[in-house]
Structure formats: C-alpha cells, structure tokens
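Chain and residue survey
Next come the chains, spelled out residue by residue.
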Amino acid sequence: MRTIDFDYHLPEELIADRPAPHREDSRMLVVHRSTGLIEHRKFTDLLEYVRPGDEFVMNNTKVVPARYFSNDGSIELVRASLHTDLLWKCLVRPGRKMKIGKTVSIGDATGTVESIDEEGYRLIRFDRPVDETTYGRLALPHYMNRESDPEDRERYQTVYARHEGAIAAPTAGLHFTPEILEQIPHSFVTLHVGVGTFRPVKVDRIEEHHMHTESFVLPEETANRIAAAQRIVAVGTTSVRVLEHLATRNGLPLAPASGETNIFIYPPYEYKIVDALLTNFHLPQSTLLMLVSAFAGKDLVMEAYRQAVEQRYRFFSYGDCMLLL
C-alpha cells in the first residue's frame, strides 16, 4: 500500500490544542467491525460496552520533561533517552550547530556532542546533572503550536502513570478518571513512547518505512490476567504494540517479558491477541492510522474518520476517542 492511501482532509480548527474541561468529557466514536455500524457516543458510555471476561490493557508509562533550550535560546534539544544522568541521546535543532565536539549550556551544566548516529541523534555528555525541574519542558506535539504550561503537567499524563520514561503521552488513556478506572477490569504494560512517534512517513510505499524502537515491560500479573481473559481491549496503540510484538515473536499465551520493539503494523496484518481497541484520532498518513486500519479495515476506518470530521470531533492528543469493537 502507499502512504497517500491513508490521507484525509482535516480542518485545522478540529485539532485540539487544549484538553477538555474534564478528562471524561470527550466524545467517543464507536466502530463495530462485524457490521460496519458507526455510533456517536460519549466516553462516559464506555461502561456500556464492557462485558464479562474483558481485560483492558493500559500503558502506565509516565511522561518526563524532555525538551530543553540552551541558555541563549539558540539550540533546542529533545532528549530521546537517558543513558545516565550525564549522558543523553538527543535530537537537536538546528543540527548544523551541533557537530561532534560542539558544546551546549543548560543552566550550570555544559554538554559536549560525542557522536552522531545515522538517524541524526546526538550523544551528549554533560559535566554535571541538568536541573530538569527548572529547565525541562514537556515535548508537546508540534501540531499544538504552543509551549507547555502548568496545566499540561497534569493533563498530559494519565491518572495511572507510574514509570518515568515517555516523551509523549499514551493519549488514549487521558480520558480515564480514577472513578471510571475502578469500574473496569484492567492491568498494565509499560511502553516508553519515544520521539519517533512524531516522525512522519517519508516513503511512498509503506513497507519501506523504518519504524522507530521503543522499550517495554509486560509484568507477570498482566500476563496472567490476559491468559484468563475472554476479550483483550487494548487502550492505545502503544499497548497494541507491546501485545502484538510479543504474540508475534513468542506466541500465545503471553509470558512476562521486557525488551524493545519496532513492530510496524499495517494492512493486511492479522491481529493475534487484541480483540478491541480504544484509541484517539491520528494524523493523516501516520503509522498509527495504518495500525488502526489494519485492525478494522482501511475503508471502514477512513469512513469513521470522514464522519468524525463531519461531526466536528476534536482530533489528536487532547482530542476525542474511538472504540473499535
């Protein structure tokens, strides 16, 4: 398939740059794969779709401040991973200013570029720890067109976030409140969402796209609960990536595991363990839209997106959600 096959028209005013007043206020478009029925509901209606034997699998990664600026404001760094407190893997802008041996100062800390890999990531070693509380910012998606603020510190984080390491939030989970969470059977995986999630597909034929790698953990308790469940409901594409990676690599039943995945799911991939999916709306021509299309069929998904635009749903990270059954 071609990347352009996953394009759709989205009016800019439908991109949500702020969260809804309350987490549970979002709308929810419901897609029934077996019949093609599309319903327009509210997220608080989710409990109507829960049935005995369900297990909701959620990603409990925690977003960390990953965006930094040099003291003079000329260099932007997005920390992709932390080797140690002093050794960072970063994307930098503008890259031409940060060649091997060049330095950057953040507060009292000075970092030196030690190497540059084939994807443009810089390995930067600091002479002392960077004051993350003072200088770190959330790396909000580019389409929000704004800097993060104190409200984002809470709202761009799920209520069940536990393990630090993500650059971007697993946004399907942003709709849940503690009260709703208590009413559904659930367990957790951890997948640290990386900066690669924002990278566009630049090839014409999607199978030529090089997928980014992200680290994950599937705990024993979650593996046991999945084995005992009758229907697996993945909350978010990140949970899908963990479950389908392990089902593809190791088979069923799933066993506890940790490691890295670069699984790229696109039509006509056959899902091995996920039975239902709760997810937000994704960017045109993105790998996440391809993943959802593999789950419910491209034509049905694109019709759902057409209706979502027509009905003025809010799109992307702070937007509304869809439930695919």
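Shown above is the structure to which this text applies.
Residues numbered from 1 in each chain as written. Predicted model: local features only at pLDDT ≥ 70, side-chain atom pairs only at ≥ 80, totals over all residues. Heavy atoms only, no water.

1. With respect to the environment of Ala161
For Ala161, the location among the structural elements is in the loop between helix H2 (150-155) and strand S11 (163-166). In this structure Ala161 comes out as buried when scored by relative accessible area, which is 9%. In this structure, the C-alpha to C-alpha distance between Ala161 and Met58, residues 103 residues apart in sequence, is 9.8 Å. If we skip the residues at most four places from it in the chain, Ala161 touches Asn60, Thr61 and Lys62. (Helix = DSSP H or I, 4+ residues; strand = E, 2+ residues; numbered from the N terminus. Buried < 20%, exposed > 50% of the residue type's maximum accessible area, 1.4 Å probe, protein only. Contact = heavy atoms within 4.5 Å.)

2. Let's talk about the nonpolar core
Ranked by size, the top nonpolar core spans 67 residues in total, and within it Leu29, Leu243, Tyr271, Phe315 and Leu324 carry the most contacts. Leaving out residues up to four positions away in the same chain, Leu243 has contacts with Val57, Val189, Leu218, Ile226, Ile232, Leu254, Ile273 and Val274. (Core = buried A, V, L, I, M, F, W, Y, C linked by side-chain atoms within 4.5 Å.)

3. Details of helix H5 (residues 237-250)
For H5, spanning 14 residues, the distance from its first C-alpha to its last is 20 Å, which sits close to the expected 20 Å at 1.5 Å a residue. In terms of residue burial, H5 counts as a mostly covered element, since 11 of its 14 residues are buried. All of the buried residues in H5 are Thr237, Thr238, Ser239, Val240, Arg241, Val242, Leu243, Glu244, His245, Leu246 and Ala247. Gly251 sits one or two positions beyond H5 and adopts a positive phi of about 80°. (Expected span 1.5 Å × (residues − 1).)

4. Quick look at the side chain of Gln157
Tracing the chain through its elements places Gln157 in the loop between H2 and S11. If sequence neighbours within four positions are ignored, Gln157 has contacts with Arg23, Thr61, Lys62, Val63 and Leu174.

5. Description of the sheet that holds strand S3 (residues 54-59)
The strand order across the open sheet formed by 9 strands is S2-S1-S17-S16-S14-S3-S12-S13-S15, and the pairing between neighbours is mixed. The strands lining the two open edges of the sheet, one partner per strand, are strand S2 (38-42) and strand S15 (257-261). Within the sheet, the average angular offset between the axes of one strand and its neighbour, ignoring direction, is 20°. As paired elements, S3 and strand S14 (residues 231-235) share 4 bridges and run parallel to each other. Bridge pairing links Asp54 to Arg231 in S14. Each of S3, strand S12 (186-191), strand S13 (214-218) and S14 is contacted by helix H4 (residues 220-228), which is oriented at about 130° to S12, the strand it contacts most. Across the face of the sheet, H5 comes into contact with S3, S12, S13, S14, S15 and strand S16 (276-280) while running at roughly 85° to S12. (Pairing = 2+ DSSP bridges. Axes fitted to C-alpha atoms, helices over the stretch in contact; angles between N-to-C directions.)

6. Quick word on the packing of helix H6 (residues 287-296) against helix H7 (residues 298-310)
Packing of H6 against H7 leaves a shortest axis separation of 7 Å and a crossing angle of 120°. When the axis of H6 is compared with that of H7, the two are oblique. For H6 against H7, the interelement crossing comes out right-handed. Judged by residue contacts, Leu289, Val292, Ser293 and Ala296 of H6 engage Lys298, Leu300, Val301, Met302 and Tyr305 from H7. Here the residues of the contact of H6 with H7 are counted per class, giving 7 nonpolar, 1 polar and 1 charged. (Parallel < 35°, antiparallel > 145°, perpendicular 65-115°, else oblique. Left-handed = near helix turned anticlockwise from the far one by under 90°. Nonpolar A, V, L, I, M, F, W, Y, C, P; charged D, E, K, R; others polar.)

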